[in-house]
Amino acid sequence: MSKFWSNLAKQATPYVPGEQIDDEEILKLNTNENPYAPSSYVLEAISQELGGNLRLYPSPTVDQLREVMGEYYQLEKECIFVGNGSDEVLALSFMAFFNPGQMIRFPNITYSFYPVYAQQFQIPYEEVPIKDDFTLNPIDFYESEGGVIFPNPNAPTSLALPIEEVENIVKNNPNNVVIIDEAYVDFAKQTAVPLIKKYPNILIVQTTSKSRSLAGLRVGYALGNPNLIQALNRMKDSFNSYTMDRLAIAGAIASFQDDLTIKENVTKIINTRKWVTEALRELGFQVLPSETNFIFATHPKYLAKTLYERLKQAKILTRHFPNPLISHYLRVSIGTNQEMEQFLNQLQEIM
Ligand code: PMP
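Analysis parameters
Residues numbered from 1 in each chain as written. Predicted model: local features only at pLDDT ≥ 70, side-chain atom pairs only at ≥ 80, totals over all residues. Near = placed C-beta within 6 Å. Nonpolar A, V, L, I, M, F, W, Y, C, P; charged D, E, K, R; others polar. Helix = DSSP H or I, 4+ residues; strand = E, 2+ residues; numbered from the N terminus. Core = buried A, V, L, I, M, F, W, Y, C linked by C-beta atoms within 7 Å. Buried ≥ 20, exposed ≤ 12 C-beta atoms within 10 Å, placed from the backbone. Contact = placed C-beta atoms within 7 Å.

A.B. asks: Tell me what's going on with the site of the ligand, and back it up with residues and numbers.
C.D. replies: If you check the shell around the ligand, you find G85, S86, D87, Y111, P151, A155, D181, A183, T207, S209, A215 and G220 and nothing else. Residues that form the shell around the ligand fall into these classes: five nonpolar, five polar and two charged.

Structural data, given as structure tokens:
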């Protein structure tokens, strides 16, 4: 069989996602989903679409959604590109803006999809070491050869780089695109969106999977200068795929029209994050000051792997990473107050 495979298919390193277990009894705190369901307004919009228009193709230009998003972000729709989840938007961005033969940079502790895409598209990359306190040193990202990408807030550390430093990185890469992956930004203090009007080389990628509770619908998007958005459209059109489906478009439109519910859920998650952080510190954990919907914590006496395994035996899924630089850290998504009490009670039993 293998002789029919292309070199790319043979060499590509598969991405290992967080465990997805379809067991109602499992408490899933491992892939940073939102514990709250989408609002009835969003569900109603999806079911209306289901009842009516599914026999019709969706709009290839997704104009209506981009207009609603444009109002939300105070941007022209020409500054907005939408795709099936931000992973897809990131893949298209790697293809559109990074070149084989030109070294791109991203932090050595970051979203594990970046090296996978770089390898798939044969883009050389430099993994820039982050500091001992897990923050990025902005200067290390200045004047890259082929571009820069990093999440802000970073994953899995949960830490955000101040926006002035993001701006310095963008400013100091005038000939390259700087991609800021803002998957978790709604749980953070600041977004880099205002920089779009100032700099033609910043591309911001966001998602409806986290703050908007729509991970299952697969809607991600890029915000940036119209020239960058045109390049993404060219990539998309040349493959004649990557088309969003009607249910996803309808749900996303309703979500951007129903921002109050989103803000309420985000506030609840931030409040839960606060007391869980304090509770973990009382148990002796060091917890990084999170600006996301998850926390990254380490304990001087207990191995993260052991805690992960013992929690899993009790049907609570968390995440730990094999990378030795962070293998002593446990990553835990923020659930409802009740779910986090269950998690903390179980942790206390283990310790
Ligand atoms: N970027 C980061 C930093 C993430 O953690 C994730 C989710 N794991 C994504 C992008 C992708 O999110 P989605 O494809 O659901 O939009």
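A.B. asks: If you had to explain the environment of A91 to someone new, which residues and values would you point to?
C.D. replies: Assignment of secondary structure puts A91 in helix 4 (residues 86–97). Separated by 177 residues in sequence, A91 and K268 place their C-alpha atoms 32 Å apart.

A.B. asks: So what's going on with unusual backbone geometry? Which residues, and what values?
C.D. replies: N152 connects to P153 through a cis peptide bond whose omega is -5°. The step from A155 to P156 runs through a cis peptide bond, and the omega angle for that step is 5°. Within the fold, P156 resides in the loop between strand 5 (148–151) and helix 6 (163–171). The backbone of R218 shows a phi angle near 65°, a positive value even though the residue is not glycine. Within the secondary structure, R218 sits in the loop between strand 7 (202–207) and strand 8 (220–224).

A.B. asks: Before we move on, could you go through the nonpolar core and cite the residues and values that matter?
C.D. replies: The biggest cluster of nonpolar side chains holds 97 residues, and the ones touching the most others in it are I204, A222 and A297. Ignoring sequence-local partners within four residues, the contact set of I204 consists of I180, E182, A192, V193, I196, A222, L223 and G224.

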